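Fold and contact review
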Amino acid sequence: MHELVQDQKNIFEEKYALETKTKYGFHITHDPLIRFLRDRRLNKSLDILKNNNNDDVSSWSVLVVCGGVGGEGIFFYRKGLSNITVSDISENSLKICNFFEPAIDTIMLNGESLDLPDNSYDLVVVQDGLHHLPRPVSGFTEMLRVAKKGIVVIEPYNGLVGNLIGTEWEKHGDAVNYVFRWDKDLVTQVVKSLLLSNYKLIRVLRLWDHNKIIFKTVTKLPKSLQLKASKTIYWLISLFNFSGNNMVAVVLK
Ligand SMILES: C[S@@+](CC[C@H](N)C(=O)[O-])C[C@H]1O[C@@H](n2cnc3c(N)ncnc32)[C@H](O)[C@@H]1O
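Residues numbered from 1 in each chain as written. Predicted model: local features only at pLDDT ≥ 70, side-chain atom pairs only at ≥ 80, totals over all residues. Heavy atoms only, no water.

Going by what an unreviewed UniProt entry lists, the chain is known as Methyltransferase family protein and is assigned to Mucilaginibacter frigoritolerans.

The feature "domain: Methyltransferase type" (unreviewed entry), as given by UniProt, occupies residues 75–150 in the numbering adopted here. For residues 75–150, the helix share is 33%, the strand share is 28%, and the end-to-end C-alpha distance is 17 Å. (UniProt positions renumbered as here; feature names shortened; annotations may be inferred. Helix = DSSP H or I, 4+ residues; strand = E, 2+ residues; numbered from the N terminus.)

This part takes up the pattern of salt bridges. As enumerated under the stated definition, the model contains 12 salt bridges in all. For lysine 9, the salt bridge identified is with glutamate 91, shortest N-O distance 3.3 Å. Residue lysine 9 is found in helix α1 (residues 3–15), and its partner glutamate 91 is found in helix α4 (residues 91–100); the two are separated by 82 residues along the sequence. For lysine 9, a relative accessible area of 11% gives the class buried. The partner of aspartate 118 in a salt bridge is arginine 145, and the shortest N-O contact between them spans 2.8 Å. Note that aspartate 118 is positioned in the loop between β3 (105–108) and β4 (121–127) and arginine 145 in helix α5 (residues 136–146), a separation of 27 residues in sequence. (Salt bridge = Lys/Arg side-chain N within 4 Å of Asp/Glu carboxyl O. Buried < 20%, exposed > 50% of the residue type's maximum accessible area, 1.4 Å probe, protein only.)

Before going further, it helps to examine the site of the ligand. In the vicinity of the ligand, 19 residues are found, and the nearest of them are Tyr16, Asp88, Asn110, Gly111 and Gln127. Residue aspartate 88 places a side-chain N or O atom 2.6 Å away from an oxygen atom belonging to the ligand. Calculation on the ligand without its partners gives an accessible area of 600 Å², and the protein chains cover 92% of this total. If one sorts the elements of the shell around the ligand by residue count, α1 sits on top with 3 residues. Broken down by class, the residue content of the shell around the ligand amounts to 7 nonpolar, 8 polar and 4 charged. (Near = heavy atom within 4 Å. Polar contact = N/O pair within 3.5 Å; in protein donor to acceptor, adjacent residues only side chain to side chain. Areas by Shrake-Rupley, 256 points an atom, 1.4 Å probe, with all protein chains shown as cover. Nonpolar A, V, L, I, M, F, W, Y, C, P; charged D, E, K, R; others polar.)

Turning our attention to helix α7 (residues 184–195). Between the first and last C-alpha of α7 there are 16 Å, a value that for 12 residues agrees with the 16 Å anticipated at 1.5 Å per step. Within the span of α7, buried status applies to Val187, Thr188, Val190, Val191 and Leu195. One side of α7 carries all its buried residues, which in axial view fall inside an arc of 165°. Of the residues in α7, the exposed ones pointing more than 90 degrees away from the buried face are Asp185, Gln189 and Ser193. (Expected span 1.5 Å × (residues − 1). Arc of directions from axis to C-beta.)

Ranked by internal contacts, the top residues of the largest apolar core, which has 34 residues, are Leu49, Val62, Phe76, Leu123, Val125 and Val152. Non-local contacts of leucine 123, meaning those with residues more than four positions away in its chain, are made with Leu49, Trp60, Ser61, Val62, Leu63, Phe76, Gly150, Ile151 and Val152. Within the second largest apolar cluster, 29 residues are counted, among which are Leu114, Leu144, Val204 and Met247. (Core = buried A, V, L, I, M, F, W, Y, C linked by side-chain atoms within 4.5 Å. Contact = heavy atoms within 4.5 Å.)

Another point: the sheet that holds β4. Backbone hydrogen bonds are what pair the strands of a sheet, in a parallel or an antiparallel way. Pairing within the open sheet is mixed, and its 7 strands lie in the order β3-β2-β1-β4-β5-β9-β8. In this open sheet, the two edge strands, each paired with only one partner strand, are β3 and β8 (201–207). Mean inter-strand twist for the sheet, computed between neighbouring axes without regard to direction, equals 15°. With respect to the sheet, α7 is in contact with β8 and β9 (246–252), its orientation differing from that of β8 by roughly 160°. (Pairing = 2+ DSSP bridges. Axes fitted to C-alpha atoms, helices over the stretch in contact; angles between N-to-C directions.)

If you want it as structure tokens, here you go:
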């Protein structure tokens with residue numbers, strides 16, 4: 001295991017110590033505001049998957065990589081997909097995931113070198129995880145290798161504003177990672193170099209994502225206005241999505 005992966009593992013094992021599980025309740029709450037903010041990007045990916053497939057996506061098997069305590073897995077489970085596996089480098093995170101949703105399988109995997117055969121799962125998903133890897137592009141190609149039908153990658157987008165105001169080095173205790181940012185050309189080139197012309201779709205949505213700031217802002221308002229205000233803010237900033245700091249990328253094989 002790469003030394004930097006070991007550093008990440010050590011720090012995330014501590015972060016996800018079992019007694020901290022109540023901190024992660026936002027992954028399972030049905031509160032409409034938190035669900036809107038947390039699931040917005042995943043909902044966009046699911047729409048793309050549904051609109052570009054003839055077969056029923058709900059029958060697909062799903063592997064989530066760098067899945068933490070299971071947020072993305074729980075999202076797909078609640079959307080009716082039943083064959084879901086959440087993986088992460090941290091065993092503690094997977095124990096919390098088992099506690100949150102016992103119907104989801106868990107497996108400890110290093111995202112940059114998945115110990116799985118080709119085409120093991122229909123769909124492989126990552127959200128806010130690849131940039132924790134020392135070799136994010138390896139993580140991406142591993143996802144493509146292990147996916148039979150497609151991948152969803154939700155990660156920072158490489159643009160002027162993101163680079164100016166976004167975090168360059170993420171520090172969790174002693175573990176440091178570079179915040180790797182993607183763009184449409186990079187995604188396209190990585191996909192084509194691995195799959196050649198054997199792909200059906202490469203869709204990269206660029207968008208703004210600032211959940212924490214929007215949550216802080218709208219929770220100053222009366223409860224009855226908070227969800228509407230969040231939707232309005234995101235609608236307004238969507239006019240500037242061409243310069244967004246985040247991407248929802250879907251590749252279909
Ligand atoms: C910012 S968290 C995101 C978790 C989850 N996707 C979410 O959005 O709630 C990053 C996750 O990547 C995991 N991670 C870091 N390095 C990893 C690696 N080499 N392989 C697999 N997971 C890793 C961490 O343990 C952590 O759970």
